[in-house]
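Analysis of the macromolecular model
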Amino acid sequence: MRREIDTLNERLAAEGQVIDGAELSKGQLKTKASHSTSQLSQKLKTTYKASTSKIVSSFKTTTSRAVCQLVKEYIGHRDGIWDVSVARTQPVVLGTASADHTALLWSIETGKCLVKYAGHVGSVNSIKFHPSEQLALTASGDQTAHIWRYAVQLPTPQPVADTSISGEDEVECSDKDEPDLDGDVSSDCPTIRVPLTSLKSHQGVVIAADWLVGGKQAVTASWDRTANLYDVETSELVHSLTGHDQELTHCCTHPTQRLVVTSSRDTTFRLWDFRDPSIHSVNVFQGHTDTVTSAVFTVGDNVVSGSDDRTVKVWDLKNMRSPIATIRTDSAINRINVCVGQKIIALPHDNRQVRLFDMSGVRLARLPRSSRQGHRRMVCCSAWSEDHPMCNLFTCGFDRQAIGWNINIPALLQEK
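Residues numbered from 1 in each chain as written. Predicted model: local features only at pLDDT ≥ 70, side-chain atom pairs only at ≥ 80, totals over all residues. Heavy atoms only, no water.

Heads up, the rule is: UniProt positions are given in the numbering used here, feature names are shortened, and annotations may be inferred rather than shown by experiment.
The protein chain appears in an unreviewed UniProt entry as WD repeat-containing protein 37 from Carlito syrichta. Taken verbatim from the UniProt record of the protein chain, the Function (unreviewed entry) comment is "Required for normal ER Ca2+ handling in lymphocytes. Together with PACS1, it plays an essential role in stabilizing peripheral lymphocyte populations." Recorded in UniProt for the protein chain, the comment headed Subunit (unreviewed entry) runs: "Forms homodimers. Interacts with PACS1. Interacts with PACS2."

**Some words on the UniProt feature "repeat: WD" (unreviewed entry) in the protein chain**
Stated formally: In this text, helices come from DSSP runs of H or I with a minimum length of four residues, and strands from runs of E with a minimum of two, each type numbered from the N-terminal end.
Per the UniProt record, the feature "repeat: WD" (unreviewed entry) sits at residues 74-116, 117-148, 199-240, 241-282 and 285-325. For residues 117-148, the helix share is 0%, the strand share is 56%, and the end-to-end C-alpha distance is 8 Å.

**A word on the pattern of salt bridges**
For clarity, the cut-off: Salt bridges are identified by distance alone: a Lys or Arg side-chain nitrogen within 4 Å of an Asp or Glu carboxyl oxygen.
Taken as a whole, this structure holds six salt bridges when the rule is applied. Among the salt bridges present, the one from R149 reaches E133, with a minimum N-O distance of 3.4 Å. Of this pair, R149 sits in strand 8 (residues 144-149) while E133 sits in the loop between strand 6 (124-129) and strand 7 (135-140); the two residues are 16 residues apart in sequence, bridging distant segments of the chain. Between E247 and R265 there is a salt bridge whose closest N-O contact spans 3.7 Å. With E247 in the loop between strand 14 (237-241) and strand 15 (248-253) and R265 in the loop between strand 16 (259-264) and strand 17 (269-273), the pair connects residues that are 18 residues apart, well separated along the chain.

**Here's the deal with the nonpolar core**
In globular proteins that are soluble, nonpolar side chains generally tend to be buried together. Test applied: In this text, buried Ala, Val, Leu, Ile, Met, Phe, Trp, Tyr and Cys residues form a nonpolar core when linked through side-chain atoms within 4.5 Å. Burial classes follow relative accessibility: with a 1.4 Å probe on protein chains only, a residue under 20% of its type's maximum area counts as buried, one over 50% as exposed, and anything between as partly exposed. We call two residues in contact whenever any of their non-hydrogen atoms come within 4.5 Å of each other.
Among the nonpolar cores identified, the biggest contains 26 residues, and F269, F297, V303, V304, I345 and L347 are the most heavily contacted of them. Elements represented by at least two residues in this core include exactly strand 16, strand 17, strand 19 (292-297), strand 20 (302-307), strand 21 (311-316), strand 22 (325-328) and strand 24 (344-348). The dominant element in this core, judged by the number of residues it contributes, is strand 19, at four residues. Non-local contacts of V304, meaning those with residues more than four positions away in its chain, are made with S294, A295, V296, T298, V312, K313, V314, I336, V338, I345 and M359.

**With respect to unusual backbone geometry**
Of the consecutive residues Q90 and P91, the connecting peptide bond is found in the cis state with omega at -10°. Within the secondary structure layout, P91 lies in the loop between strand 2 (81-86) and strand 3 (94-98).

Written out as structure tokens, the structure is:
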């Protein structure tokens, strides 16, 4: 036991140096100097506190490789990708929202771009698919959210089998060597330039948007410190949700109930309840010490929040006074996502890592990352698609690519 702790400490110390090296190149000398020591001591503390099972779990990186595999890279955006989402209706396609002012829809199997949405004149900050129709909702730096209809023809599956057997490695290498040449992938695919509906009434960047259950209303979150609830058919503003003291960072809707959660730079997230048309109650949650980057619902009665304070907290909707679990990490956390069936939380980090935790805060895996595979800049968002046979987790980042992963969930939970 003692020996295991010592070897773990050595590894953490080495990791700390690696992190320093990676970040010094970004010129963050001052902040790094103050962080690295406290970060390391925090890591050592948590290590000593860890139970035997946790110590065993921290030696998992070797086995995780087979459990978590990189399957596909989706390359074609000309700037960082803020958001990734999976269609909820057939055909199941992947959607990405990018700072290059476009949203792209992809074939998950072939990695081919199927549709380009070019209706925004600012960065596209989020993308969400309608629960039952072929409609996408995108939020943008141009102070609007757009709803647009898409019709995609998925490529026939025959060539997929060929490429996956023969050409996968060659494709991967060329992607790495010449990322800019791949920027023309989206120029071949059909372009949509006009939205079905434009939702306008924000006075600042619209950072996120989501459909309410049923898809007849949509909610948007903005840097103007408000969230807006719209009627989709008439595009009229139904409610303006005010109360946050600083810019909003994200919004999320409950899968089956008329509930909305908004996150903000003011270190809080708010739960808005529209279940009773006559009363719109709001609850404020103050569990973080820095920007809340996202808060999301799970299928049960939980909310999971992630923050720049490097923690993720799991809350029970019925008792939101204090979190039921806290996950402490070594890097700021971006847009998290929880897998519906097994409730596994995917954490995309500023430090290019993606980690998987269960709802009680036990770390299950870290997705493989090396100079040859994985994200090369900060990871902005994660999205599960449990039923897809090929890729069941997607991530996107500022390296302009989205990645499709295959996570062997039963094996992952067995290792725990």
